[in-house]
Amino acid sequence: MDSLHPPQQMAAQNNCREDPNGNKSTEVKVSPAHSVLALIEEEPEDADPWDMPELKDTGVPWSALDTNGKVLRVLVSVGKLILLLGFLYMFICSLDILSSAFQLVGGKTAGDIFQDNTVLSNPLAGLVIGVLVTLLVQSSSTSSSIVVSMVSSGLLTVQVAVPIIMGTNIGTSVTNTLVAMTQAADRSTFRRAFAGATVHDFFNWLSVLVLLPLEVATGYMYVVTKLIIDSFKIQSGEAPDLLNVITDVLTESIIQLDESVITEIATGHPEARNKSLIKIWCQTFTNTTLMNVTVPGPENCTSPSLCWVDGNYTFTQKNITETYNVQKCEHLFVDVNLPDLAVGLILLALSLLVLCSCLILIVKLLNSMLKGQVAGVIKKILNTDFPFPFGWVTGYIALLVGAGMTFIVQSSSVFTSAITPLVGIGVISIERAYPLSLGSNIGTTTTAILAAMASPGDTLANALQIALVHLMFNVSGIILWYPIPLTRLPIRLAKSMGNITASYRWFAAVYIISCFFILPLFVFSLSLAGWQVLVGVAAPLVLMLIIIIVINILQKRKPRCLPAALRSWDFLPLWAHSLAPWDKVVGVITAKCCCCCKCCQVSAYVEEHREKASVEKNKKPHTEVYDNPAMSAEKEVENEIKIELKILKMT
């Protein structure tokens, strides 16, 4: 399609107007335009927007400082480093609280979604459910553990659970895309940050587009993981707590959840619907006692030897399990009499506030710290390849670093969200962020494998097989989209998305809503209608999309192969092949909203001024009415307000 960037003439504003007599009159600008186009700064045409920016040191050079200045600079640098670690700690904790908030808001709904086994048997529906549930609970670990529990309990087979695991991989990549939205203030920074975030999205989507049909047709991931499970005698173990040991001190003092409630709802326990996700008792004692109980008749007895009749009553002996509450939890909401939804919304608002604040402060601190020689050294270490012929090894080392760091923080969302601001400010290139993100996908699966190994012996095989399927999916995706530079499509697609969102910032929100909400819900609704409806609606749309992509490629590479009419999209209306008209619509809506807000403020100010004037008029003696200077002052104020209102109406 045509270039999506707006032409320069559309951004220009006419300042002159010609009257009927032919005389030109110049308009006076009252306020700056609120169009999205006005936010786009002009760059030199020969400048590459993906070049790493130079973070110049504007301070006094180290050699020019005296002893006191050097000591002061060292102390300031140490203080900034401590603040950076503190903000990073709060950032990670806020992500944990955000996950808990989403579970409180949508956890039971997620359990209900997993309960519909007839829908899950459809691979596309299973994929979409994995995406939606991970979006609801904002944790691929939680949604994966629900799938593992359902497989262990026999409600799902491993083959049915494979597409759901793929969906959880897609759903977890939305977090760093949302984090990139906080850097929309600067055009260049937003271009790099959004591209660095969406490279993870495109990798997951492209992997699913290739591997899901392959798995449905051949079942190779199920077969290979089954062979691995059968070949090795794997014993149960325990998943290690690494970063959680540090973060749980703060997060567990704010909120603690009983995640088994979501699993119980998914596995079909009706009594779990009335339970609260907020954990009240942290320490309980369970006692099982053989007790005499009454049953309706002898056929309900546990065994004939343990059954007797006394009058009209039939007795038997059963093991009765009773749970005694020992110690209450010590978090903020333990004694709060609020529903889960209310607590979830409170935590959601607070965690988002802390998350955005910490992210902004982290970026500010990094910008102030990474300057001059320090920035040069860090950028050189992160982005420089090994000498020839070992340059190809650098990317694979970055893969291992991403996997190791994700294993330490035990969350791919935390790691990818942490490197997104670094890509934005130009410390890490997108070519280096790509293998780091792929490594984080591997790292999060190793955590799932260790968690699966903590399962009981009778369910260990199925739980571990699902975790290995997750690992094999990511390894297969890396084999597809990384070793050969020509196949690194996610980087090119992410850069294209970065260029579009740098010019049209509102398109970032459209991308997130469309790819992570509208598209999954659309496919899920078609899946509910059955295979026939899904194929009948989706097949023409997919075919049309493939044709458009092929024509676009031919227009750029070999336009002579196309008919003259198809060598460009000019035969379509402008709104059908360019974002410029839509940008004008967004600009008009934004301008109207801003004007409405200003009009409301001015109207409130006018009303307030009139009330004050009437009160003062009533307080003054009657003779002061004839005080001409006071009257003229009031009239001047009223005239100024009328002029402001008139100007706002004109704009």
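Residues numbered from 1 in each chain as written. Predicted model: local features only at pLDDT ≥ 70, side-chain atom pairs only at ≥ 80, totals over all residues. Heavy atoms only, no water.

1. Overview of the packing of helix α7 (residues 174-181) against helix α8 (residues 187-218)
Which entries qualify depends on this criterion: The angle between two axes is taken between their N-to-C directions and runs from 0 to 180 degrees, where each axis is a line fitted to C-alpha atoms and a helix contributes only its stretch in contact. A helix here means a DSSP run of H or I that spans at least four residues, while a strand means a run of E at least two residues long, and both kinds are numbered starting from the N terminus. Angle categories: roughly parallel below 35 degrees, roughly antiparallel above 145, roughly perpendicular from 65 to 115, and oblique for all the rest. Only heavy atoms enter the contact rule, under which two residues are in contact if any of them lie within 4.5 Å. Only Asp, Glu, Lys and Arg are considered charged in this grouping, and only Ala, Val, Leu, Ile, Met, Phe, Trp, Tyr, Cys and Pro are considered nonpolar; every other residue, Gly among them, is considered polar.
Their axes nearest at 8 Å, the elements α7 and α8 cross at an angle of 175 degrees. One finds that α7 runs roughly antiparallel with respect to α8. Contacts between α7 and α8 involve Asn176, Thr177, Ala180 and Met181 from the former and Phe190, Ala193, Phe194, Ala197, Thr198, His200 and Asp201 from the latter. Residue composition of the contact of α7 with α8, by class: 6 nonpolar, 4 polar and 1 charged.

2. Side note on the packing of helix α6 (residues 158-171) against helix α17 (residues 460-481)
In plain terms, the rule: Should the near helix be turned anticlockwise from the far one by less than a right angle, the crossing is left-handed, and should it be turned clockwise, the crossing is right-handed.
Relative to each other, α6 and α17 sit at 50 degrees, their axes nearing to 10 Å. Viewed along their axes, α6 and α17 adopt a mutual orientation that is oblique. Seen from above, α6 lies across α17 with right-handed handedness. Residue-level inspection shows Val158, Ala161, Val162, Ile165, Met166, Thr168 and Asn169 of α6 in contact with α17, the latter providing Asn462, Gln465, Ile466, Val469, His470, Phe473 and Asn474. When grouped by side-chain class, the residues that make up the contact of α6 with α17 number 8 nonpolar, 6 polar and no charged.

3. Section: the sheet that holds strand β5 (residues 313-328)
The criterion, for reference: We call two strands paired when DSSP finds no fewer than two bridges between them.
Pairing in this open sheet of 3 strands is antiparallel, and the strands run β3-β5-β4 from one edge to the other. Since the sheet does not close on itself, it has two edges, and those belong to β3 (281-295) and β4 (307-310), each with one partner. Shown here is a sheet whose adjacent strand axes are inclined to one another by a mean of 40 degrees, direction ignored. Inspection of the sheet shows β3 paired to β5 by 14 bridges, in the antiparallel sense.

4. Digging into the state of the cysteines
Cut-off, in case you're wondering: Put simply, a disulfide is two cysteine sulfurs that come within 2.5 Å. Any residue under 20% of the maximum accessible area for its type is buried, any over 50% is exposed, and the rest in between are partly exposed; the area is computed with a 1.4 Å probe on protein chains only.
Under the defined criterion, the tally for this structure stands at 1 disulfide. Between Cys93, a cysteine without a disulfide, and Cys358, which holds the nearest cysteine sulfur, the sulfur-to-sulfur distance is 9.1 Å. Look at Cys358 and you get buried, because its relative accessible area is 6%.

5. A short note on the packing of aromatic side chains
Definition in use: Ring geometry is summarised as follows: Phe, Tyr and Trp rings, the Trp one being its six-membered ring, pair when their centres sit within 6.5 Å, and such pairs are stacked at plane angles under 30 degrees, edge-to-face over 60 and tilted between the two. Put simply, a charge is over a ring when the Lys NZ or the Arg CZ is close to the ring centre, within 6 Å, and near the line of the ring normal, within 35 degrees.
Within the structure shown, the criterion is met by 11 aromatic pairs. A ring pair is formed by Phe194 and Tyr511, whose centres lie 5.9 Å apart and whose planes are at 75 degrees; its orientation type is edge-to-face. Of this pair, Phe194 sits in helix α8 while Tyr511 sits in helix α19 (residues 506-529), and the two are 317 residues apart along the sequence. Consider the rings of Phe202 and Tyr511, whose centres lie 6.2 Å apart with planes at 45 degrees: the pair is tilted. Here Tyr511 lies in helix α19 and Phe202 lies in helix α8, a separation of 309 residues in the sequence. Under the relative-accessibility criterion, Phe202 is labelled buried at 15%. Taken together through their ring pairs, the aromatic side chains of Phe190, Phe194, Phe202, Tyr511 and Phe516 make up a single cluster. The ring of Trp281 carries the charged tip of Lys328 above its face, separated from the ring centre by 6.0 Å. The ring of Tyr482 carries Arg488 above its face, with NZ or CZ at 4.2 Å from the centroid.

6. Considerations on α19
Stated formally: Multiplying one less than the number of residues by 1.5 Å gives the expected span of a helix. The quantity called bend is, for any residue, the angle between two axes fitted respectively to the seven residues ending at it and the seven beginning at it.
In this model α19 runs 33 Å from its N-terminal to its C-terminal C-alpha over 24 residues, within 8% of the 34 Å that 1.5 Å per residue would give. The largest bend along α19 reaches roughly 40 degrees and is located at Ser514. Restricting attention to buried positions, one finds in α19 the residues Trp506, Phe507, Ala508, Tyr511, Ile512, Phe516, Pro520, Val523, Phe524, Leu526 and Ser527. Two residues or fewer past α19, Gly530 is found with a positive phi of approximately 115 degrees.

7. Focus on the nonpolar core
Applicable threshold: To define a nonpolar core, start from buried Ala, Val, Leu, Ile, Met, Phe, Trp, Tyr and Cys residues and group those joined through side-chain atoms within 4.5 Å.
Core analysis: the largest hydrophobic core is formed by 52 residues, its most contacted members being Phe91, Ile255, Leu347 and Ile428. The greatest single-element share of this core, amounting to 10 residues, is contributed by helix α12 (residues 340-369). Core analysis: the second largest hydrophobic core is formed by 48 residues, Leu206, Ala403, Ile442 and Tyr482 among them.

8. Remarks on the pairing of β4
If a strand is regular, its side chains alternate between the two faces of the sheet. Examined bridge by bridge, β4 and β5 share 4 bridges and lie antiparallel to one another. Bridge assignment links Asp310 to a residue of β5, and that residue is Tyr313. Count of turn residues in the β4/β5 antiparallel hairpin: 2 residues, of which Gly311 carries a positive phi of about 70 degrees.

9. Quick word on the environment of Val131
In this fold, Val131 is placed in helix α4 (residues 123-137). On the basis of relative accessibility, which here comes to 2%, the residue Val131 falls in the buried class. Here the alpha-carbon distance between Val131 and Gly167, two residues 36 residues apart in the chain, equals 4.4 Å. The contacts of Val131, once residues within four sequence positions are left out, are Gly167, Thr168, Ile170, Gly171 and Pro520.

10. Focus on the environment of Gln256
The line we're drawing: In protein, a polar contact requires one atom able to donate a hydrogen and another able to accept it; more generally it is a pair of N or O atoms within 3.5 Å, and residues adjacent in sequence count only if both atoms are side-chain atoms.
One can find Gln256 in the loop between α10 (244-254) and α11 (260-266). Separated by 73 residues in sequence, Gln256 and Cys329 place their C-alpha atoms 8.0 Å apart. Leaving out residues up to four positions away in the same chain, Gln256 has contacts with Leu277, Ile278, Lys279, Cys282, Cys329, Glu330 and His331. One polar contact links the side chain of Gln256 to the main-chain carbonyl oxygen of Glu252, over a distance of 3.2 Å.

11. Observations regarding helix α20 (residues 531-557)
Here α20 is 27 residues long and its end C-alpha atoms lie 38 Å apart, about the 39 Å a rise of 1.5 Å per residue gives. Considering bend angle alone, the principal kink of α20 is centred on Ala538 and spans about 25 degrees; proline Pro540 follows within four residues of it. Listed in full, the buried residues belonging to α20 are Leu534, Ile551, Asn552 and Gln555.

12. Observations concerning the pattern of salt bridges
Oppositely charged side chains may form a pair once their charged atoms are brought near each other. Selection criterion: Put simply, a salt bridge is a Lys or Arg side-chain nitrogen that is within 4 Å of an Asp or Glu carboxyl oxygen.
Scanning the model with the defined rule gives 2 salt bridges in all. Across the pair Lys328 and Asp335 runs a salt bridge whose closest N-O atoms are separated by 2.7 Å. The partner of Glu431 in a salt bridge is Lys495, and the shortest N-O contact between them spans 2.7 Å. A residue pair is termed long-range when its members are at least 10 positions apart, and Glu431 in helix α16 (residues 430-452) and Lys495 in helix α18 (residues 489-503) qualify at 64 residues. Residue classification places Glu431 among the partly exposed positions, given a relative accessible area of 38%.

13. So, the environment of Met369
Within the secondary structure, Met369 sits in helix α12. Measuring from C-alpha to C-alpha, the distance between Met369 and Leu81 comes to 8.4 Å, with 288 residues separating the pair along the chain.

What is shown is where atoms sit, not what they do.
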